[in-house]
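# Observations on chain architecture
This is what each chain is made of:
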Amino acid sequence: MDVLVILIPVSLFLGALGLVGFFWLLKRGQFDDPEGDANRILSGDYDDHPKG
């Protein structure tokens, strides 16, 4: 039972950290254009053989 005293606050902290990270990325506009990404991968305007 003593382990729960450590595990519960650690799990709550990690969950809150993930939630804060998600809202931070949302504020930075990381998820603004999901349709553009979906269409970009289907277009033929990419290079199969990069130079180098």
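Notes on the structure follow. Quick caveat: nothing in here was measured; it's all calculated off a predicted structure.

Basis of the calculations
- Residues numbered from 1 in each chain as written.
- Predicted model: local features only at pLDDT ≥ 70, side-chain atom pairs only at ≥ 80, totals over all residues.
- Heavy atoms only, no water.
- Helix = DSSP H or I, 4+ residues; strand = E, 2+ residues; numbered from the N terminus.
- Buried < 20%, exposed > 50% of the residue type's maximum accessible area, 1.4 Å probe, protein only.
- Areas by Shrake-Rupley, 256 points an atom, 1.4 Å probe, with all protein chains shown as cover.
- Patch = residues over 30% accessible without salt bridge, like charges linked within 9 Å, V, L, I, M, F, W, Y side chains within 5 Å.
- Salt bridge = Lys/Arg side-chain N within 4 Å of Asp/Glu carboxyl O.
- Phe/Tyr/Trp six-rings, centres within 6.5 Å; stacked < 30°, edge-to-face > 60°.
- Lys NZ or Arg CZ within 6 Å of the ring centre and 35° of its normal.
- Expected span 1.5 Å × (residues − 1).

## Considering the overall build of the protein
A tally of helices and strands in the protein yields two helices and zero strands. Out of the 52 residues belonging to the protein, those deemed buried represent 2%. For the protein, the accessible surface area stands at approximately 5,200 Å², while carbon and sulfur atoms represent 66% of it.

## As for a nonpolar patch on the surface
Judged by side-chain polarity, Met 1, Val 3, Leu 4, Leu 7, Ile 8 and Leu 12 come together as a nonpolar surface patch covering roughly 660 Å² of accessible area. Structurally, Leu 12 is set in helix 1 (residues 2–27).

## Considerations on the packing of aromatic side chains
Under the counting rule described, the total for this entry stands at two aromatic pairs. Ring pairing ties together the aromatic residues Phe 22, Phe 23 and Phe 31, which thus form one cluster. Against the face of Trp 24 rests Arg 28, its NZ or CZ located 5.0 Å from the ring centre.

## Topic: helix 1
Helix length check: helix 1, at 26 residues, gives a terminal C-alpha distance of 39 Å against a target of 38 Å (1.5 Å per residue), a fit within 8%. Backbone geometry just after helix 1 places Gly 29 at a positive phi near 85°.

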